[in-house]
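Architecture at a glance
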Protein chains: 2
Amino acid sequence: MPRKSVSAPAGDAPLRQGLLPGLLGYRLRLAQQAIFRDFADSIPDLSPGRVGVLVLIESNPGVTQSRLARAVGIDRSTLVGLLHELEARNLVQRRRGTDRRTNGLWLTAKGAALLARTLPLIARHEERVAAGLSASERSRLLALLGRLLG
Amino acid sequence: MPRKSVSAPAGDAPLRQGLLPGLLGYRLRLAQQAIFRDFADSIPDLSPGRVGVLVLIESNPGVTQSRLARAVGIDRSTLVGLLHELEARNLVQRRRGTDRRTNGLWLTAKGAALLARTLPLIARHEERVAAGLSASERSRLLALLGRLLG
DNA sequence: TATTGTTATACTCTATAACTATA
DNA sequence: TATAGTTATAGAGTATAACAATA
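Here the structure is a predicted model, which means the values were calculated and not measured.

**With respect to the overall build of chain A**
Summing up its helical and strand segments, chain A has six helices and three strands in all. Listed N to C, the secondary structure of chain A is α-α-β-α-α-β-β-α-α in terms of helices and strands. Against the globule reference of 15 Å for 150 residues, chain A gives a C-alpha radius of gyration of 21 Å, more extended than a compact globule. Within chain A, buried positions represent 41% of all 150 residues. In chain A, the proportion of contacts linking residues at least 24 apart, taken out of those at least 6 apart, comes to 46%. As presented, chain A carries roughly 8,000 Å² of accessible surface, and 54% of it is formed by carbon and sulfur atoms.

Right, here's the structure in full:
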């Protein structure tokens, strides 16, 4: 009878995880990696961050860059390059605001169309992500996530 | 009485979030950003990814690089640079395996000591992250996260 | 032939500091 | 003085492709 190994399990056994499975940050990171991969594999042309920006512009036409940056949790300088790209792809338009330091942001017709085409793909992606959960488990997870680090 | 605006809310109102709050990936990303910031602010010298690597080596002494890379969900080429750094800091040691293509990985005394010193900081970080949740809500969240994307 | 570790390279996402134009 | 947008720059973290050593 083989004695119990003190070091690494054999090549096909899973690794011992130590305390990692009990850490929220670790579980969150693994889940997010898997979700991002599924997103990238199933949604062409737009990253998760870009979808967030387009959705917020659609829901808040004329929003300024600084407010949008705060809403998505990135620095305003980081948003500049992202908007350059979205404007170069003719998905978003910047218009000088009445406070002439600001730019208001609007979706172009092409941007709105791309977003509309993408939403069903996101819905299917979301179904795959939550495939193992019941509807009530899924809402419970959403609610719990919203209460982290108050 | 002010009529309801059709475009962006005023400068201090929160943005309308559209469908974003209902997307698991979006909520996960926001939660993880906040958690990473708290981690970086409260745990010196080690990033979340490095802690994961050190914990897995501690729990699986002699593990090979390829198996460790699979366990933490990164490419084995990505792990090489991380291990170069940890070895240069004298936290980890590589030893040629009996299968001479492989390196077995061990914590050095210094690596084990750093990890031991860091664990209480991680525990306090974890308490802050879950401060808004009861113990049973926290375990429920961990369990639900483990069931995403099969 | 297949696998392990490695290198070279590049890409994405992010922030900080300093600039300009406006307020 | 303060804020909005911008630029230059840098730093994480990551992957792909190709290679030598070994199985």
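The structure having been displayed, the exposition proceeds.
**Structural notes on the relation of the copies chain A and chain B**
Of the transformation superimposing chain A on chain B, the axial component is 0.0 Å and the angular component is 180°, with the fit at an RMSD of 0.1 Å. Such a turn and shift between the copies fits a two-fold axis. Interface overlap between copies is the fraction of interface residues in one copy that are interface residues in the other; for chain A against chain B it reaches 100%, indicating a shared surface.

**Examining the packing of aromatic side chains**
Going through the model one piece at a time under the given rule, you end up with zero aromatic pairs over all chains. The ring of W106 of chain B is capped by R95 of chain B, whose NZ or CZ atom sits 4.1 Å from the centre of that ring.

**Topic: the pattern of salt bridges**
A complete count under the given rule lists 14 salt bridges over all chains for this structure. In this structure, E85 of chain B engages R89 of chain B in a salt bridge whose closest nitrogen and oxygen atoms are separated by 2.9 Å. Accessibility expressed as a relative area gives 26% for R89 of chain B, which makes it partly exposed. Salt bridges sharing partners connect three or more residues here, namely R50, E85 and R89 of chain A.

**Topic: the protein's contact with DNA strand C**
As a structural note, the neighbourhood of DNA strand C is formed by 25 residues, with R50, D75 and S77 of chain A together with Q65 and S66 of chain B the closest of them. Restricting attention to atoms of DNA strand C within 4 Å of the protein, one finds that 61% of them are sugar or phosphate atoms. In the environment of DNA strand C, a phosphate oxygen lies 3.0 Å from a nitrogen or oxygen atom belonging to the side chain of R37 of chain B. Here a phosphate oxygen of DNA strand C and a backbone polar atom of N103 of chain B are 3.1 Å apart.

**So, the sheet that holds strand β1 (residues 63-64) of chain A**
All names here are of chain A. Taking strand neighbours across the sheet as the criterion, the three strands line up as β1-β3-β2 in an open arrangement whose pairing is antiparallel. Each having just a single partner strand, β1 and β2 (92-96) make up the two edges of the open sheet. Pairing of β1 with strand β3 (residues 103-107) involves two bridges; the strand directions are antiparallel. Across the sheet, residue T64 finds its bridge partner in β3, namely G104. In the packing of helix α4 (residues 76-88) onto the sheet, contacts are made with β2 and β3, and the angle to β2 comes to roughly 115°.

**Thoughts on the side chain of R94 of chain B**
Residues and elements named next belong to chain B. Take R94: it is sitting in strand β2 (residues 92-96). According to the relative accessible area criterion, R94 is buried, its value standing at 18%. Among the polar contacts listed, one links the side chain of R94 to the backbone oxygen of V80, at a separation of 3.4 Å. A polar contact of 2.8 Å, which involves the side chain of R94, links it to the side chain of E87.

**Considering the pairing of β3 of chain A**
All names here are of chain A. Strand direction decides the pairing type here: β2 and β3, joined by five bridges, are antiparallel. Pairing of R95 across the sheet is with G104, part of β3. Where β2 hands over to β3, the hairpin turn is made up of six residues, counted between the paired strands.

**Focus: the interface of chain A and chain B**
On the side of chain B, 66 residues touch chain A, which itself brings 66 residues to the contact. Carbon and sulfur atoms make up 64% of the area that chain A and chain B hide from each other, which totals about 5,900 Å². Viewed at the interface, chain B and chain A are joined by two salt bridges. R147 of chain A is the partner of E137 of chain B in a salt bridge, and the nearest nitrogen-oxygen pair spans 2.9 Å. Across the contact surface, chain A and chain B share 18 residue pairs in polar contact (both at pLDDT 80 or more).

**Things to note about the protein's contact with DNA strand D**
Close to DNA strand D lie 24 residues, the nearest being Q65 and S66 of chain A together with R50, D75 and S77 of chain B. R101 of chain A is positioned with one of its side-chain polar atoms (N or O) 3.3 Å from a base oxygen of DNA strand D. Measuring from a phosphate oxygen of DNA strand D, one finds a backbone N or O atom of R100 of chain B at 3.0 Å. Looking at the surface near DNA strand D, the elements with two or more residues in it are α1 (24-42), α3 (65-72) and α4 of chain A together with α4 (76-88) of chain B. Classifying every residue of the surface near DNA strand D by side-chain character gives two nonpolar, 12 polar and 10 charged.

The rules behind the values
- Residues numbered from 1 in each chain as written.
- Chains lettered and ligands numbered in written order.
- Predicted model: local features only at pLDDT ≥ 70, side-chain atom pairs only at ≥ 80, totals over all residues.
- Heavy atoms only, no water.
- Helix = DSSP H or I, 4+ residues; strand = E, 2+ residues; numbered from the N terminus.
- Rg over C-alpha atoms; globule rule 2.2 N^0.38 Å.
- Buried < 20%, exposed > 50% of the residue type's maximum accessible area, 1.4 Å probe, protein only.
- Contact = heavy atoms within 4.5 Å.
- Areas by Shrake-Rupley, 256 points an atom, 1.4 Å probe, with all protein chains shown as cover.
- Least-squares fit on C-alpha atoms with pLDDT ≥ 70 in both.
- Phe/Tyr/Trp six-rings, centres within 6.5 Å; stacked < 30°, edge-to-face > 60°.
- Lys NZ or Arg CZ within 6 Å of the ring centre and 35° of its normal.
- Salt bridge = Lys/Arg side-chain N within 4 Å of Asp/Glu carboxyl O.
- Near = heavy atom within 4 Å.
- Polar contact = N/O pair within 3.5 Å; in protein donor to acceptor, adjacent residues only side chain to side chain.
- Pairing = 2+ DSSP bridges.
- Axes fitted to C-alpha atoms, helices over the stretch in contact; angles between N-to-C directions.
- Buried area = accessible area lost by both parts, 1.4 Å probe.
- Nonpolar A, V, L, I, M, F, W, Y, C, P; charged D, E, K, R; others polar.

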